[in-house]
Amino acid sequence: MSDRELYRAALDATGKAYAPYSGFRVGAALLTADGAVYTGVNVENSSYGASICAERTAFVKAVSEGCREFVKIAVASSAGSALPCGICRQFMFEFSESLTVITGDDEDHLEAYSLSELLLKGFRLNI
Ligand code: THU
């Protein structure tokens, strides 16, 4: 699947965001190694800290369906490009250091990053 197609899926998903507090609607589309796409949106809460970002929603949906290998994730918002927050970077690092993160103001202006450049030396629990 192309970056543009994945970004479009993320942009479509913004319509399902639950963001009554910030008004910042975010959608994510996650491509797995076997070619499946899981979308996610931000889901906010009256207790603000209980909110979850679109990226983690997509990952939680995929992981809970048994997926463990990921290729790339596209992120779109109601206000253009959106790079994953620090918590999401660490969350994604758990599964793939080399994940590609795509965002942009629209599908003709996409930026792609490796998660390894967005998060240097992520945490791993060595037990
Ligand atoms: N948010 C995401 O869902 N993903 C991002 O990449 C950045 C921020 C959400 C969290 C919150 O619901 C809203 O955007 C404003 O921070």
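The present account deals with the structure reproduced in this document. All figures in this text were calculated on a predicted structure; none of them were measured in a lab. (Residues numbered from 1 in each chain as written. Predicted model: local features only at pLDDT ≥ 70, side-chain atom pairs only at ≥ 80, totals over all residues. Heavy atoms only, no water.)

**Some remarks on the layout of surface pockets**
Space inside the largest pocket adds up to approximately 250 Å³. Forming the walls of the largest pocket are 18 residues, and the residues nearest its centre are Val26, Asn42, Cys53, Ala54 and Glu55. Residue composition of the lining of the largest pocket, by class: 12 nonpolar, three polar and three charged. (1 Å grid on protein atoms, 1.4 Å probe; cavity = no way out; pocket = protein on both sides within 12 Å on 5 of 7 lines; lining within 4 Å. Points joined across faces, edges and corners; volume = space filled by probe spheres on them. Nonpolar A, V, L, I, M, F, W, Y, C, P; charged D, E, K, R; others polar.)

**Observations concerning helix H1 (residues 3-13)**
Within the span of H1, buried status applies to Leu6, Tyr7, Ala10 and Ala13. The arc enclosing the buried residues of H1, seen along the axis, measures out at 115°, which places them on a common side. Residues of H1 that are buried sit in contact with strand S1 (26-32), strand S2 (37-41), strand S3 (70-77), strand S4 (100-104) and strand S5 (110-114). (Buried < 20%, exposed > 50% of the residue type's maximum accessible area, 1.4 Å probe, protein only. Helix = DSSP H or I, 4+ residues; strand = E, 2+ residues; numbered from the N terminus. Arc of directions from axis to C-beta. Contact = heavy atoms within 4.5 Å.)

**Considerations on the site of the ligand**
The full set of residues close to the ligand is Ser22, Phe24, Val26, Asn42, Glu44, Cys53, Ala54, Glu55, Leu83 and Pro84. Ala54 is positioned with one of its backbone polar atoms (N or O) 2.9 Å from an oxygen atom of the ligand. Between Leu83 and the ligand, the recorded distance is 3.2 Å, taken from a backbone N or O atom to an oxygen atom. Burial of the ligand by the protein amounts to 77% of the accessible area it has alone, namely 370 Å². Here the ligand occupies the largest pocket. Of the residues assigned to the shell around the ligand, the class counts are six nonpolar, two polar and two charged. (Near = heavy atom within 4 Å. Polar contact = N/O pair within 3.5 Å; in protein donor to acceptor, adjacent residues only side chain to side chain. Areas by Shrake-Rupley, 256 points an atom, 1.4 Å probe, with all protein chains shown as cover. Sits in = over half its atoms within 2 Å of the grid points.)

**Concerning the side chain of Glu44**
Within the secondary structure layout, Glu44 lies in the loop between S2 and helix H2 (54-63). Separated by 3.1 Å, the side chain of Glu44 and the backbone nitrogen of Tyr21 make a polar contact.

**So, the sheet that holds S4**
With respect to topology, five strands assemble into an open sheet ordered S2-S1-S3-S4-S5, the strand pairing being mixed. Edge positions in the open sheet fall to S2 and S5, since each of these has one partner strand only. The sheet shows a mean angle of 20° between the axes of neighbouring strands, direction not considered. Relative to S5, S4 is paired through five bridges, and the arrangement is antiparallel. By the bridge assignment, Thr103 is partnered in S5 with Glu111. Lying over the sheet, H1 contacts S1, S2, S3, S4 and S5, oriented at roughly 50° with respect to S3. (Pairing = 2+ DSSP bridges. Axes fitted to C-alpha atoms, helices over the stretch in contact; angles between N-to-C directions.)

**Notes on the nonpolar core**
Counting 21 residues, the largest nonpolar core has Leu30, Phe59, Phe70, Ile73, Met92 and Leu99 as the members making the most contacts within it. Going through the elements one at a time, S1, H2, S3, helix H3 (86-93) and helix H4 (115-118) are the ones with two or more residues in this core. At five residues, H2 tops the list of elements feeding residues into this core. Look past the residues within four positions of Ile73 in its chain and what remains in contact with it is Leu6, Ala28, Ala29, Leu30, Glu55, Phe59, Met92, Leu99, Thr100, Val101 and Ile102. Core analysis: the second largest hydrophobic core is formed by eight residues, Tyr7, Ala29, Leu31 and Ile102 among them. (Core = buried A, V, L, I, M, F, W, Y, C linked by side-chain atoms within 4.5 Å.)

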